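Structural overview
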Amino acid sequence: MNLVDKVKSKIRDVKDFPKPGIVFKDVTPLLSDPKLCIEITSALADHWQDAQVDAVVGIESRGFLFGMLLAQSMSVPFVPVRKQGKLPWKTVEFSYALEYGEATIEMHTDSIDPNWNVLVHDDLLATGGTAAAAAQLVNKLSASVAGFSFLVELEFLNGKEQLDPHAKDVKSLIYY
Ligand code: AMP
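Residues numbered from 1 in each chain as written. Predicted model: local features only at pLDDT ≥ 70, side-chain atom pairs only at ≥ 80, totals over all residues. Heavy atoms only, no water.

Side note on helix α3 (residues 63-74)
When the terminal C-alpha atoms of α3 are compared, their 16 Å separation across 12 residues agrees well with the 16 Å that a helix rising 1.5 Å per residue should span. Taken residue by residue, α3 has G63, F66, G67, L70, A71 and M74 as its buried positions. Down the axis of α3, the buried set is contained in an arc of 140°. They therefore lie on one face. Following α3 by one or two positions, S75 has its phi on the positive side, about 55°. (Helix = DSSP H or I, 4+ residues; strand = E, 2+ residues; numbered from the N terminus. Expected span 1.5 Å × (residues − 1). Buried < 20%, exposed > 50% of the residue type's maximum accessible area, 1.4 Å probe, protein only. Arc of directions from axis to C-beta.)

Notes on the site of the ligand
The local shell around the ligand holds 13 residues, among which R62, D122, D123, T127 and T130 are the closest. The side chain of R62 places a nitrogen or oxygen atom 2.7 Å from an oxygen atom of the ligand. At a separation of 3.0 Å, an oxygen atom of the ligand approaches a polar backbone atom of A126. Calculation on the ligand without its partners gives an accessible area of 490 Å², and the protein chains cover 81% of this total. (Near = heavy atom within 4 Å. Polar contact = N/O pair within 3.5 Å; in protein donor to acceptor, adjacent residues only side chain to side chain. Areas by Shrake-Rupley, 256 points an atom, 1.4 Å probe, with all protein chains shown as cover.)

A short note on the layout of surface pockets
When its volume is computed, the largest pocket comes out at roughly 1300 Å³. If you go around the largest pocket, you meet 37 residues; those closest to its centre are R62, L98, L124, A126 and T130. Listed by contribution, the elements that provide at least two residues to the lining of the largest pocket are β2 (23-26), β5 (91-97), β6 (102-108), β7 (117-125) and α4 (129-140). The leading source of residues in the lining of the largest pocket is β7, at four residues. Grouping the constituent residues of the lining of the largest pocket by class yields 21 nonpolar, eight polar and eight charged. (1 Å grid on protein atoms, 1.4 Å probe; cavity = no way out; pocket = protein on both sides within 12 Å on 5 of 7 lines; lining within 4 Å. Points joined across faces, edges and corners; volume = space filled by probe spheres on them. Nonpolar A, V, L, I, M, F, W, Y, C, P; charged D, E, K, R; others polar.)

With respect to empty space enclosed by the protein
Which parts of space are left empty comes out when a probe the size of a water molecule is rolled across the atoms. Per the counting criterion, the structure on display carries one cavity of 30 Å³ or more. Looking at the largest cavity, its volume works out to about 30 Å³. Lining the largest cavity, in full, are A43, L44, H47, F150, K171, S172 and L173. The set of elements that each furnish at least two residues to the lining of the largest cavity consists of α2 (34-46) and β9 (170-175). Broken down by element, the lining of the largest cavity gets its largest block of residues, three residues, from β9. Within the lining of the largest cavity, the residues separate by chemical class into four nonpolar, two polar and one charged.

A word on the packing of aromatic side chains
Within the structure shown, the criterion is met by three aromatic pairs. Summarising the aromatic geometry, the rings of F148 and F150 are spaced 6.5 Å apart at their centres and angled 5° between planes, so their arrangement reads as stacked. Residue classification places F148 among the buried residues on the basis of a relative accessible area of 0%. The ring of Y176 has K8 sitting right over it, with the charged end atom 5.2 Å from the ring centre. Above the ring of Y176, the side-chain terminus of K25 is found at 3.7 Å from the ring centroid. (Phe/Tyr/Trp six-rings, centres within 6.5 Å; stacked < 30°, edge-to-face > 60°. Lys NZ or Arg CZ within 6 Å of the ring centre and 35° of its normal.)

Below, the structure is given as structure tokens:
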């Protein structure tokens, strides 16, 4: 079986989670297969080997899983983006609209240098609001977004459109 099929066979669809009408793509079964995790990481890293990437930004919380592995395999720093109130040091914050209400995410002010090119990673791209907000945090610290990396992309939601103003290069391993 090729890598894409192997990964697809392990991603679990959970209907009506966290609320009715949502089919949640559960990536946790991948974590029980260490060899597969290494293969996934190198496939994600492959796309960026000729790009200038100075750090990987991972989005709480499932973006930490392969985000950290990706940063390690590219030998660059990993930077966590977290929900408001979780990071202990000085932060920049950005608020964005959700289907109902608003969310705020934060990043430590000293976690990336100005002029860095940063790769934003999350487990899944849906509408793109979360990844676009992470890109705004990067820009607030005077750094640039080199691109976006996802394990899974829900193409029918057109999340790429929201990311386009930040970076043209959006690469996912699996598409639905
Ligand atoms: P969005 O901002 O709409 O692109 O949503 C992306 C964020 O929500 C990511 O951090 C995902 O982990 C999570 N998410 C959204 N939809 C799903 C889904 N169907 N299955 C799993 N995670 C999801």
